[in-house]
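So you can see what is in the structure, the chains are spelled out below.
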Amino acid sequence: MAIIYALCCLFFSAFSDFVFKLFADSTQEEKKSTGSFVMMVGLVWFAFMVWLPYSEASTLHATLLWGAISGFLSLSSNILLIESMKYQSAGISSTIFRLNMVLVVIGAFFLLGEPITPQILIGVICAFGAIIAFIPTNNDTSQSEHDRRKAKIGFALSLAACVLRAGMGLSYKYGFDHQADVNGVTTINALFWVLGGLAYHLVTERNLKLPGKGEIKTALLSGVFVSGIVFFMARMNATGNASVVNPIAQMSFLGTFALSAIFLKEKITPKKICALLLGIAAIIFLTL
């Protein structure tokens, strides 16, 4: 059953990143607020999570503390992911974002004392190779100077999102090991999306403009996918071996890459294929 949960998590993650890209592209055509979009996603997420039961073994203090820390990291990383997709392809942004697992491994070594084996070291090298392969260069004559500049901004934003997402993963691990409740933490995360999204909207837009019908529909759809990610991620880790189910879920960037190539006509280049293969190798070696 754990494998089914992991595949469901992969499915929801792939489509979640794809919907993020659809929203990011729509902001180029008409004025839409990333903050209000995130806020509405958070409302849907909260509506799904608030009814779930809490563990009697957890403590309120740990749940509130690590819910707040991981909530800030979750909010900021996903805002940066959406913003990166305004400048960069969904396939590249999603792949870099999902390689946060590498930084989680490195962080666990320095902060939690977890060992790094030769296989993990190879995985880290492969992941850095994938990221390096995605770095935009000035040698691509098929792009204008403006497009190359946008690609560099998108790469930087997606890399920053990856770092923050890794921090969220580490805070989850530490918090759950210190009596933070899984459902409580993720519910607090949803509240951070609601309040943080509103704050980001006010800072960037400086008004309380109501979202349009199209924006609301996209946010509701995204909210369902994000809720699905959280729901199935919790259950796959509760019922299966984390070293097996998490790599399956992390492969979602392959789905996002395929969806973007099919529906958004994003270019598939040998360089991208090489980076994807390195990303797959990284996740496999990290979990051997």
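Below, the structure is looked at part by part. Everything quoted here is computed from the prediction, not taken from an experiment.

Before going further, it helps to spend a moment on the overall build of the protein chain. Looking only at helices and strands, the protein chain features 12 helices and zero strands. Over its C-alpha atoms the protein chain spans a radius of gyration of 18 Å, differing by no more than 12% from the 19 Å that the globule rule assigns to 288 residues. In terms of overall dimensions, the protein chain has a C-alpha envelope of 60 × 50 × 30 Å along the principal axes. Counting the 288 residues in the protein chain, one finds 49% classified as buried. About 13,600 Å² of surface is accessible on the protein chain, with carbon and sulfur atoms providing 71% of the total.

Counting 24 residues, the largest nonpolar core has Ile96, Leu99, Phe134, Ile283 and Leu286 as the members making the most contacts within it. Put simply, the parts of the chain that give this core at least two residues each are helix H4 (90–98), helix H5 (100–111), helix H6 (118–134), helix H7 (145–177), helix H11 (252–263) and helix H12 (270–286). By residue number, the principal contributor to this core is H6, which donates eight residues. One finds Trp45, Leu81, Ala190 and Val226 within the second-largest nonpolar core, a separate group that totals 23 residues.

The relative placement of two packed helices is expressed as an angle between their axes plus a distance between the axes. Two elements in contact, H4 and H11, have axes separated by 8 Å at closest approach and are oriented at 175°. Relative to H11, H4 is oriented roughly antiparallel. The segment H4 lies against H11, with Ala90, Gly91, Ser94, Thr95 and Arg98 engaging Ser252, Phe253, Thr256, Phe257 and Ser260.

Attention shifts here to the side chain of arginine 98. Within the secondary structure layout, arginine 98 lies in helix H4. Judged by relative accessible area, arginine 98 falls into the buried class, the value being 9%.

Turning our eyes to something else, we now look at the state of the cysteines. One pass over the structure, following the stated rule, counts zero disulfides. The closest cysteine sulfur to the non-disulfide-bonded cysteine 162 is located on cysteine 126, 15 Å from its own sulfur. You can call cysteine 162 buried: its relative accessible area is 1%. We note that cysteine 274 lacks a disulfide partner, and the nearest cysteine sulfur, in cysteine 126, lies 10 Å from it. Take cysteine 274: its relative accessible area is 39%, and that puts it in the partly exposed class.

Taken as a whole, this structure holds three salt bridges when the rule is applied. A salt bridge links lysine 21 to aspartate 25, with the shortest nitrogen-to-oxygen separation between them at 3.1 Å. Separated by four residues within a single helix, lysine 21 and aspartate 25 lie in helix H1 (residues 2–29), roughly one turn from each other. Its salt-bridge partner being glutamate 83, residue lysine 86 comes within 2.9 Å of it at the nearest N-O pair.

All chains considered together, the criterion is met by 14 aromatic pairs. Taking 5.9 Å as the distance between ring centres and 65° as the angle between the ring planes, the aromatic pair formed by phenylalanine 12 and phenylalanine 225 counts as edge-to-face. Taken together, the residues phenylalanine 12 in helix H1 and phenylalanine 225 in helix H9 (residues 213–239) connect sequence positions 213 residues apart. Neither phenylalanine 12 nor phenylalanine 225 differs from the other in exposure class; each is buried.

It is worth spelling out the environment of phenylalanine 232 at this point. With respect to the helices and strands, phenylalanine 232 occurs in helix H9. Once residues within four sequence positions are removed from consideration, phenylalanine 232 is found in contact with Tyr5, Cys8, Cys9 and Phe12.

Before going further, it helps to spend a moment on a nonpolar patch on the surface. Together, Phe109, Phe110, Leu111, Leu112, Ile116, Leu121, Ile125 and Tyr174 make up an exposed nonpolar region whose accessible area comes to about 800 Å². Only H5 and H6 provide two or more residues apiece to the nonpolar patch. Take leucine 112: it is sitting in the loop between H5 and H6. You can call leucine 112 partly exposed: its relative accessible area is 31%.

Rules and cut-offs
- Residues numbered from 1 in each chain as written.
- Predicted model: local features only at pLDDT ≥ 70, side-chain atom pairs only at ≥ 80, totals over all residues.
- Heavy atoms only, no water.
- Helix = DSSP H or I, 4+ residues; strand = E, 2+ residues; numbered from the N terminus.
- Rg over C-alpha atoms; globule rule 2.2 N^0.38 Å.
- Buried < 20%, exposed > 50% of the residue type's maximum accessible area, 1.4 Å probe, protein only.
- Areas by Shrake-Rupley, 256 points an atom, 1.4 Å probe, with all protein chains shown as cover.
- Core = buried A, V, L, I, M, F, W, Y, C linked by side-chain atoms within 4.5 Å.
- Axes fitted to C-alpha atoms, helices over the stretch in contact; angles between N-to-C directions.
- Parallel < 35°, antiparallel > 145°, perpendicular 65-115°, else oblique.
- Contact = heavy atoms within 4.5 Å.
- Disulfide = S-S within 2.5 Å.
- Salt bridge = Lys/Arg side-chain N within 4 Å of Asp/Glu carboxyl O.
- Phe/Tyr/Trp six-rings, centres within 6.5 Å; stacked < 30°, edge-to-face > 60°.
- Patch = residues over 30% accessible without salt bridge, like charges linked within 9 Å, V, L, I, M, F, W, Y side chains within 5 Å.

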